[in-house]
Amino acid sequence: MSDFASARGDITVEELLAAQEGGGFQIEPLTESPNVPGSVDPSPLPPEFGATILHEPCSSCGDIGENWVCLKTRKTYCSRYRKGCAVKHFEANPASHCIHLSLSDLSVWDHNLDAYLDVFNIPALQPAFAAVHLAKFGEPASFPTPSSSFTINLSETNDDDEEKPAAAAAKGT
Ligand SMILES: [Zn+2]
Ligand SMILES: [Zn+2]
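A few points on the structure. What you see as residue numbers is a count from 1 along each chain, following the sequence as written. Whichever chain is written first is A, and whichever ligand is written first is 1; the rest continue in order. Totals for whole chains, interfaces and linings use all residues, but because this is a predicted model, local features are given only for residues with pLDDT of at least 70 and pairs of side-chain atoms are given and counted only at 80 or more.

1. As for the overall build of the chain
Thought 1: Starting at the N terminus, helices and strands are each numbered in turn, a helix being any DSSP run of H or I of at least four residues and a strand any DSSP run of E of at least two. A count of helices and strands for the chain gives seven helices and five strands.
Thought 2: Secondary structure of the chain in N-to-C order comes out as α-α-α-α-β-β-α-β-β-β-α-α.
Thought 3: Exposure is read from a count of other C-beta atoms within 10 Å of each residue's own; the residue is exposed at 12 or fewer, buried at 20 or more and partly exposed in between. C-beta atoms are placed from the backbone. Residues counted as buried form 21% of the 173 residues belonging to the chain.
Thought 4: We call two residues in contact whenever the C-beta atoms placed from their backbones are within 7 Å. For the chain, long-range pairs separated by at least 24 residues make up 52% of all intrachain contacts whose partners lie at least 6 apart in sequence.

Here is the structure:
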């Protein structure tokens, strides 16, 4: 604390602005949630899910502003900045309807943990995220594929193996 106080005199306006913009309030999304099996419907999404849900009004009050999708019911509920139907929906079913996907910025909020969830690390969230992403941006979401470099190495090894017999056969004829 004393270090911070003594360093304050040297802080620039740029540093202060940067801290206010992101550094001071940056929130890391959680990479796991105990509510993920219970609050997410695992059944396959209908093919038209993304396109239809994007334009769905709040299923409670009909508001068309900033809606969230409950990943359990797959219905839309408006944000706390509209009429607050998403919060009410969670409060009515706190154990199993606490994970909602924003149709505005595709963030995923866990009402039980009061935290954002990291879609890239939680596969159960990805089908709904990908469907809305495709409908909203017209291109598929890309998730990290840790095994892709391994696949490339494998195919290189196979190429080497194929060349040797071919060269030997050429010599023989
Ligand atoms: Zn509403
Ligand atoms: Zn729900």
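2. Description of the pairing of strand 3 (residues 99-102)
Thought 1: Note on pairing: two strands pair once DSSP finds at least 2 bridges between them. In terms of strand pairing, strand 1 (residues 67-70) meets strand 3 through three bridges, oriented antiparallel. Bridging across to strand 3, Trp68 finds its partner in Ser102.
Thought 2: Taken together, the three bridges between strand 3 and strand 4 (residues 108-110) define a ladder with antiparallel strand orientation. By the bridge assignment for strand 4, Ile99 is matched with Asp110.
Thought 3: Counting the residues in the hairpin turn of strand 3 and strand 4 gives five residues, including Leu106, whose phi is positive at 65°.

3. Observations concerning the sheet that holds strand 4
Thought 1: Ordered in space as 2-1-3-4-5, the five strands form an open sheet in which the pairing is antiparallel. Among the strands making up the open sheet, the edge pair consists of strand 2 (76-78) and strand 5 (115-117). Averaged over all pairs of adjacent strands, the angle between their axes in this sheet comes to 40°, without regard to strand direction.
Thought 2: Two elements, strand 4 and strand 5, share three bridges in a ladder whose sense is antiparallel. Following the sheet pairing, Trp109 is matched in strand 5 by Tyr116. Axis definition: a line fit to C-alpha positions, over the contact stretch in the case of helices; interaxial angles, taken between N-to-C directions, run 0 to 180 degrees.

4. Description of the nonpolar core
Thought 1: Counting residues in each nonpolar core, the largest one holds 25 residues, and the members touching the most others are Val69, Leu101 and Ala128.
Thought 2: For this core, the secondary structure elements donating two or more residues are strand 1, strand 2, helix 5 (85-92), strand 3, strand 4 and helix 6 (126-137).
Thought 3: Counting residues per element, this core draws most heavily on helix 6, at four residues.
Thought 4: For Leu101, the contacting residues outside a window of four places in its chain are Trp68, Val69, Leu71, Leu106, Val108, Ala128, Phe129 and Val132. Definition of nonpolar core: a set of buried Ala, Val, Leu, Ile, Met, Phe, Trp, Tyr and Cys residues joined via C-beta atoms within 7 Å.

5. A short note on helix 5
An α-helical segment advances 3.6 residues per turn. Residues three or four places apart therefore align on the same side.
Thought 1: Within the span of helix 5, buried status applies to Cys85, Ala86, His89 and Phe90. Angular distribution of buried residues about the axis of helix 5 spans 140°; they occupy a single face of the element. Along helix 5, exposed side chains directed more than 90 degrees from the buried face belong to Glu91 and Ala92.
Thought 2: Packed against the buried residues of helix 5 are strand 1, strand 2 and strand 3. In this context, the arc is that of the directions from the helix axis out to the C-beta atoms.

6. Some details on the pairing of strand 1
Thought 1: Here strand 1 shows two buried faces, one formed by Asn67 and Val69 and the other by Trp68 and Cys70.
Thought 2: Here strand 1 pairs with strand 2 via three bridges, running antiparallel. Across the sheet, Trp68 pairs through a bridge with Tyr77, a residue of strand 2.
Thought 3: Between strand 1 and strand 2, which pair antiparallel and follow one another directly, the connecting turn spans five residues, one of which, Arg74, has a positive phi of 60°.

7. Observations regarding unusual backbone geometry
Thought 1: In this structure, Leu106 is a non-glycine residue whose phi angle is positive, near 65°.
Thought 2: Within the element layout of this structure, Leu106 appears in the loop between strand 3 and strand 4.
Thought 3: Positive phi outside glycine occurs at Asp114, with the angle close to 55°.
Thought 4: Counting through the fold element by element, Asp114 comes out in the loop between strand 4 and strand 5.
Thought 5: Assessed through the 8 C-beta atoms surrounding it within 10 Å, Asp114 is described here as exposed.

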